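# Commentary on secondary and tertiary structure
So the chains spell out like this:
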Amino acid sequence: MPEYRRILLDGAATQVRREGAELVSADGRVVGVEDAVHLPPSEPSKIIAVHLNHRSRVEEFMTSLPPAPTYFHKPTSALNGHKGAIVRPERCKYLNYEGEVAIVIGRTARNISPQEAGDYIAGYTVGNDYGLHDFRDTDAGSMLRVKGSDTLCPLGPGLVTDWDFRGKRLRTYVNGEVAQDGSTDEMEWDMHYLVADIARTITLYPGDVLLSGTPANSRPVQPGDVVEVEVEGLGTLRNHVVQGPAPIRDDCGAQPTESEEVISTAFGGDWEFRGVRPPKR
């Protein structure tokens, strides 16, 4: 399956093709895969993410799926690349990983059927839909700061074309230990359905990204942690968490909170602990 990446090559953003352990540009320049500075593999005009899609995640939250998928938006300023730093702002505690498959649009799509949607997809990449749950009490509807803060949308390492999304394993590792283990077969709505659903009312342009949902066991990570998302056939997206250099300002806007809603969501919907939460987790 062909794989394309965007890297910094001689100071410029350049698309390259992976050939084994090397990345080769159209003009023949070569850089090693491990030596490259990676950029997100596409330049989207918008990033759209589905709320719930994997059945294991639904069961974890002890809820049920709506009759159709619901979505939120991540601004393009949240984009990050393979090996990039994920910034947890000072005064925040509940930064969660969410390993996912990301769909990348290849052709302008509007009012298409699920059966046609595959013709409008350029390929797929690995995503990590990080969430800063400290802002969940105020942004639960929009998820803007929860999911859209700077650096919280790493994608990569490359864009893989001709990839069949069916029956693929998805795993997230934190410091080398398995944290999430799921499959695309547990998705209620597949990739083609999601693209067609959004394109009913929102025009999708080449490079746009749709995040397709995460399996169970999203949990908070700390500065110093290394998080890897591995998707069968797409490779491994690796990032590390760092402490932000400046605290969230307290002279304007909603402040980080630590309510039962925040904590229960961060730890996987453990609603049975409401009001009787053990002092240590």
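Higher on the page you've got the structure.
So, here is what we can say about the structure in this document. Everything numeric here is computed off the predicted structure, so don't read it as measured data.

## As for the pairing of strand E2 (residues 12–19)
When strand E1 (residues 3–9) meets E2, the two strands line up antiparallel, connected through six bridges. Within E2, the residue paired with Leu8 across the bridge is Ala13. With antiparallel pairing between neighbouring strands as the criterion, E1 and E2 make up a hairpin whose turn holds two residues, including Asp10 at a positive phi of roughly 55°. Pairing of E2 with strand E3 (residues 22–25) involves four bridges; the strand directions are antiparallel. Considered in E3, the bridge of Glu19 is made with Glu22. Hairpin connection from E2 to E3: two residues lie between these consecutive antiparallel strands, with Gly20 at a positive phi of about 65°.

## Digging into the side chain of His38
In this fold, His38 is placed in strand E5 (residues 37–39). Given a relative accessible area of 7%, His38 falls into the buried group. Of the polar contacts made by the side chain of His38, one reaches the side chain of Arg5; its length is 2.9 Å. Here the side chain of His38 touches Ala36 through a polar contact of 3.4 Å, landing on its backbone oxygen. Beyond its immediate chain neighbours, meaning those up to four positions away, His38 contacts Arg5, Arg6, Ile7, Leu23, Val33, Gly81, His82 and Pro157.

## Side note on the nonpolar core
Membership of the largest hydrophobic core comes to 30 residues, with the highest contact counts inside it found for Tyr124, Val195, Leu204 and Leu210. For this core, the elements supplying multiple residues, two or more each, are strand E6 (47–50), strand E11 (99–105), strand E12 (121–128), helix H5 (191–199) and strand E19 (226–231). Broken down by element, this core gets its largest block of residues, six residues, from H5. Beyond its immediate chain neighbours, meaning those up to four positions away, Leu210 contacts Ile48, Val101, Ala102, Ile103, Ile105, Leu194, Val195, Ile198 and Leu204. Core analysis: the second largest hydrophobic core is formed by 26 residues, Tyr97, Leu159, Ala179 and Val227 among them.

How each quantity is defined
- Residues numbered from 1 in each chain as written.
- Predicted model: local features only at pLDDT ≥ 70, side-chain atom pairs only at ≥ 80, totals over all residues.
- Heavy atoms only, no water.
- Pairing = 2+ DSSP bridges.
- Helix = DSSP H or I, 4+ residues; strand = E, 2+ residues; numbered from the N terminus.
- Buried < 20%, exposed > 50% of the residue type's maximum accessible area, 1.4 Å probe, protein only.
- Polar contact = N/O pair within 3.5 Å; in protein donor to acceptor, adjacent residues only side chain to side chain.
- Contact = heavy atoms within 4.5 Å.
- Core = buried A, V, L, I, M, F, W, Y, C linked by side-chain atoms within 4.5 Å.

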